[in-house]
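# Summary of the model geometry
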There are 4 protein chains.
Amino acid sequence: MTMSNKIVLGDNQYGKAEVRVVKVTRDTDRHQIEDLNVTSQLRGDFEAAHLKGDNAHVVATDTQKNTIYAFARAGVGSPEAFLLRLSEHFTSGFDWVTGGRWEAESYTWDRIQSHGSEHDHSFVRNGQDVRTAVVVRDGNTTHVISGLKDLTVLKTTQSGFVGYPRDKYTTLPETTDRILATDVSARWRYSTGLDHTATDFNKSYEDIKALLLEGFTENYSHALQQTLFDMGKKVLEAHGEVDEIKFSMPNKHHFLVDLSPFGLDNPNEVFFAADRPYGLIEATVQRENSGTAPAAWNGIAGFC
Amino acid sequence: MTMSNKIVLGDNQYGKAEVRVVKVTRDTDRHQIEDLNVTSQLRGDFEAAHLKGDNAHVVATDTQKNTIYAFARAGVGSPEAFLLRLSEHFTSGFDWVTGGRWEAESYTWDRIQSHGSEHDHSFVRNGQDVRTAVVVRDGNTTHVISGLKDLTVLKTTQSGFVGYPRDKYTTLPETTDRILATDVSARWRYSTGLDHTATDFNKSYEDIKALLLEGFTENYSHALQQTLFDMGKKVLEAHGEVDEIKFSMPNKHHFLVDLSPFGLDNPNEVFFAADRPYGLIEATVQRENSGTAPAAWNGIAGFC
Amino acid sequence: MTMSNKIVLGDNQYGKAEVRVVKVTRDTDRHQIEDLNVTSQLRGDFEAAHLKGDNAHVVATDTQKNTIYAFARAGVGSPEAFLLRLSEHFTSGFDWVTGGRWEAESYTWDRIQSHGSEHDHSFVRNGQDVRTAVVVRDGNTTHVISGLKDLTVLKTTQSGFVGYPRDKYTTLPETTDRILATDVSARWRYSTGLDHTATDFNKSYEDIKALLLEGFTENYSHALQQTLFDMGKKVLEAHGEVDEIKFSMPNKHHFLVDLSPFGLDNPNEVFFAADRPYGLIEATVQRENSGTAPAAWNGIAGFC
Amino acid sequence: MTMSNKIVLGDNQYGKAEVRVVKVTRDTDRHQIEDLNVTSQLRGDFEAAHLKGDNAHVVATDTQKNTIYAFARAGVGSPEAFLLRLSEHFTSGFDWVTGGRWEAESYTWDRIQSHGSEHDHSFVRNGQDVRTAVVVRDGNTTHVISGLKDLTVLKTTQSGFVGYPRDKYTTLPETTDRILATDVSARWRYSTGLDHTATDFNKSYEDIKALLLEGFTENYSHALQQTLFDMGKKVLEAHGEVDEIKFSMPNKHHFLVDLSPFGLDNPNEVFFAADRPYGLIEATVQRENSGTAPAAWNGIAGFC
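Residues numbered from 1 in each chain as written. Chains lettered and ligands numbered in written order. Predicted model: local features only at pLDDT ≥ 70, side-chain atom pairs only at ≥ 80, totals over all residues. Heavy atoms only, no water.

Below, the discussion takes up unusual backbone geometry. Note that the residue after B:Arg276, namely B:Pro277, is joined by a cis bond; omega there is -10°. In this structure, B:Pro277 sits in the loop between strand 9 (270–273) and strand 10 (278–287). A positive phi angle, near 65°, is found at C:Gln158, a position not held by glycine. With respect to the secondary-structure elements, C:Gln158 resides in the loop between strand 5 (141–155) and strand 6 (180–190). Classification of C:Gln158 as partly exposed rests on a relative accessible area of 34%. (Helix = DSSP H or I, 4+ residues; strand = E, 2+ residues; numbered from the N terminus. Buried < 20%, exposed > 50% of the residue type's maximum accessible area, 1.4 Å probe, protein only.)

Here the second copy of the chain follows from the first by a rotation about an axis and a shift along it. In screw terms, the move from chain C to chain A is a rotation of 180° and a rise of 0.0 Å along the axis, fitting with an RMSD of 0.0 Å. The superposition of one copy onto the other is thereby described by a two-fold rotation axis. Among all C-alpha atoms of chain C, that of C:Ala301 lies closest to the rotation axis, at 1.9 Å. Most of the interface of chain C is mirrored in chain A, where 100% of its interface residues are also at the interface. (Least-squares fit on C-alpha atoms with pLDDT ≥ 70 in both. Contact = heavy atoms within 4.5 Å.)

We now examine the domain arrangement of chain A. Residue and element names in this part refer to chain A. By domain assignment, chain A separates into domain 1 (11–139) and domain 2 (151–290). The straight-line distance from the C-alpha centre of domain 1 to that of domain 2 is 30 Å. In this assembly, 13 residues from domain 1 lie in contact with eight residues from domain 2. Counting the surface lost from both domain 1 and domain 2, the interface buries some 880 Å², and carbon and sulfur atoms represent 47% of this. On the domain 1 side of the contact with domain 2, Gln-128, Asp-129 and Arg-131 bury the most area, a combined 49% of that side's loss. Applying the counting criterion to the domain 1 and domain 2 interface returns two salt bridges. Here Glu-103 ties to Arg-187 by a salt bridge, and the two come within 3.7 Å at their closest N and O atoms. Put simply, domain 1 and domain 2 have five residue pairs in polar contact (both at pLDDT 80 or more) between them. Elements with a contribution of two residues or more to the side of domain 1 that touches domain 2: helix 3 (79–93) and strand 4 (117–138). (Domains from an automatic or database assignment. Buried area = accessible area lost by both parts, 1.4 Å probe. Salt bridge = Lys/Arg side-chain N within 4 Å of Asp/Glu carboxyl O. Polar contact = N/O pair within 3.5 Å; in protein donor to acceptor, adjacent residues only side chain to side chain.)

Here the focus is the interface of chain C and chain A. Across the contact, 83 residues belong to chain C and 83 residues belong to chain A. Buried surface at the junction of chain C and chain A, summed over both partners, amounts to about 7000 Å²; 58% is from carbon and sulfur atoms. The tally of links between chain C and chain A comes to two salt bridges. Note that C:Arg276 is salt-bridged to A:Glu18, the shortest N-O span being 3.1 Å. At the boundary of chain C with chain A, the tally comes to 34 residue pairs in polar contact (both at pLDDT 80 or more). Ranked by residue count, the leading element in the side of chain C that touches chain A is strand 1 (residues 7–25) of chain C, at 14 residues.

Here it is, written out as structure tokens:
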């Protein structure tokens, strides 16, 4: 191939990141709260801005921020539904915006227990996990990916690691009883063509999170890979609306401390929780023949 | 005063910081887990190390780490009890160690719900707050300070801010209905002379945390200062074993978004959650005549 | 399409992440230091581990860590050269390892100035930026991507933003003189087929970093998009060995503070540096006809 | 002592934290930039706000923020001088404000090298360290404490650790050649009674930082304690205006990797840089008889 010396613009996207929006619904004394961190990014014909500094197509990132706040006035509903509304607005409102990527983190607030009951308007943030959502609009196709991160789980037994190959750099002893701990990051992609208006994304989220936790507990783990696959399989078996689920799970090592120099035994009771390095296990569990939709995953931070 | 030109060693302490110890108790199939981040620092006669590089008095920080792991073999019990055992060991074991400071963070793990019941050996980390503990040994006096941090709470109404002085730099409008949100950091000091072996620090912790949450909900808040004082007063009234409680609470501003340019009203429904700057309210609530024990607080990060 | 109900393993990779390796070269009194954070991930046939818990193919992540340390004994040279050696080792050593992804951050240490000269063995960490490198092995193809992140730059003038479209959500006023500030994250991909052994990756890095800084200074910026393209074009024009460069650059807003309520003017002198939200501008600058190599970028955190 | 059951307000302070102010001086084409993160906290009679929700004395934290921006219009000069002006304003402007605490971090920007010279209005952030300043006003006394943090230094040789006591928990082997690495956090207190208007705080800062770096390089280190004392002594000997200097320095362990299982030696060349736990060495170096001014240090995060 003869190399052209012409230098051109390739893939690009831009927008406003991390718009923190808190929506309070107060139509009764029992207030509701929705708390999101929203990023909006547009794709389309933005060549003139890059090559000539002509901003005629550049919907200001400030305008994108304003739109997010204005749309929140009518309620959020679910992060996915909110992002879908934004994606529809931006792609239908500007001819040259042919797609984009909208992303949200959302944070759960529990009602404070006060004098024996849940308070009407006082909340405490639940830090168990962060919920995530991504909507990607690519021409006429709309992809929805939901997920969670920072869900830290641990088993004190029923995990081992044996039977791995040994080469000249292998020193790890086998073990049939260890702590298994990880921070679950998972994202699941809803089927292309799903009727989004008929989907209860909040219910799917709650169900899938519960299945992931349950899947973590169930079997003896011969490898974190196996546990990951078990967790994903449970989700796909129960949720026909999901085509694939990706996981990125660190193996958070808990090393048994050698107490023998101090005249003590240590029958799997005292552990050192290490920071770095850590194992990192990443995989996709998917429905055979359902396709993989790489365009949906483009721009995801890391594996998922 | 005539200034001496002699340069000398002043206050000092040293040790091992952030020893991550996880203790599993597995005497039945229903495992228990205790998860701590422990720091040990010794005070005493360490002048020769600083001035001459003579380490004869320097109990190695590695030795301090080993001691923490060895002591965990017999169980933790409560972070406070564990730190008290360490403080007793180091001050009685080495003549020149006349005091020190031991600190711990601890992390709560909940049992995973699986198939309708709590699992025996699978846990999910509860991120609602981090529990803290400090033991300071100063000669024959032992101070115990317990606390929590990162407990994020929010009220959607029953908060206002009016009646403050106005000068040439004041532009803030008054409001009688706003969101009040803060991350509670609190530390409470147990009475000097308390019988530590007869104190159930875990129970005190749970009770005090519940009182802090309840105190946050109860009254209309004219200022975060008032809410802080209410929270502290509830604790001291119910817990005679506590002499003072200190708070450091950011006022996490939630600004009402002006939607009028878009033809929308905003009756306290859509807010922008700001990062910086933030208000910062810090105060001590104490029992009159009980004393303040500045030596106990020396070395605390910031106000508390 | 008839949907299969069979649930299968899709894309996957695993390894050891964030192996912190510091290599000191001390063959003369003037020591050299190389400081890296290395991640190794293997791709290939790992189905049995996921589906059956059979680890016969699972080169332990601990073994990968050991290999990194052992290989460092012979020196690092450049992060890219080091990762290439690792990739060659793992793909040639195990039949079922058909590819993988190796990544490094590296940190620069400057010699301390002491008594008028650079010290032989004392260093201070230079925090101006973090250097990054990725090697992706995909069958017989090897991709090398170098980059940097956290390079924070700012212009106090010669930047404006005008001529953007206005819709009902647009309130931003135009400006012809503003602060332009960003954290540069950039990654550039070396041409497929480049002779890696003949490439001086350290020199390319230094040159490209200098060009990026220079490119930021040169022209009036009508939009951050334009400045980004200028920076990328300079690199591609000067470095024939590079086929494309991707940028992810936040627009770190510096808002002019309205001092008029206090009887003061503010002729672009006093600014509030905001945290969130921020603009986020991401684009690729590439050589026409050189191809885009999506496999090389797969797994990159976010846009780049 | 008879315990009173009355619950009262103890020490308290409040204000606005982390006000990010960037000041550009553009009276010539060669612009100057000052970049600060300022916290203002007032002390005095604020009892009514805490006990009754009466805000008549509560100078709004928003007003404190506005004051910071308004004062920046006339220039910063040095962080210390800026904080002194704020402290004078708040304590003289409100009868019930009897003291307070003002704190700043400041960030250094270097001019970008472009086409062989330093650019007039384009800057790159220098991440070598963060400069800190604290002004405490306590009645008629004003304390000034300057400092730095995050200055990471490392020696590849001329450090050892031997001669420490051995007890039943000691397993650490002695070494006469190791890596010594630390993040220097230091704060120095200017003499009480110093004429602040005649003090060039910027020059003192530059000189003291250079002395700290030089002090780190000079002698064989028998313990980090000794190196710390050497560094402090150099500062006090050269700077009569400083009465004491406090250090908090982690011992950032670099463990020699055992390569013998792989048939390799390791003559102090390949190290694992550990995260946690770490040693933590904290001490004060002071001028004999100069006093210690505990009120100045009250509220400092941790030891210093």
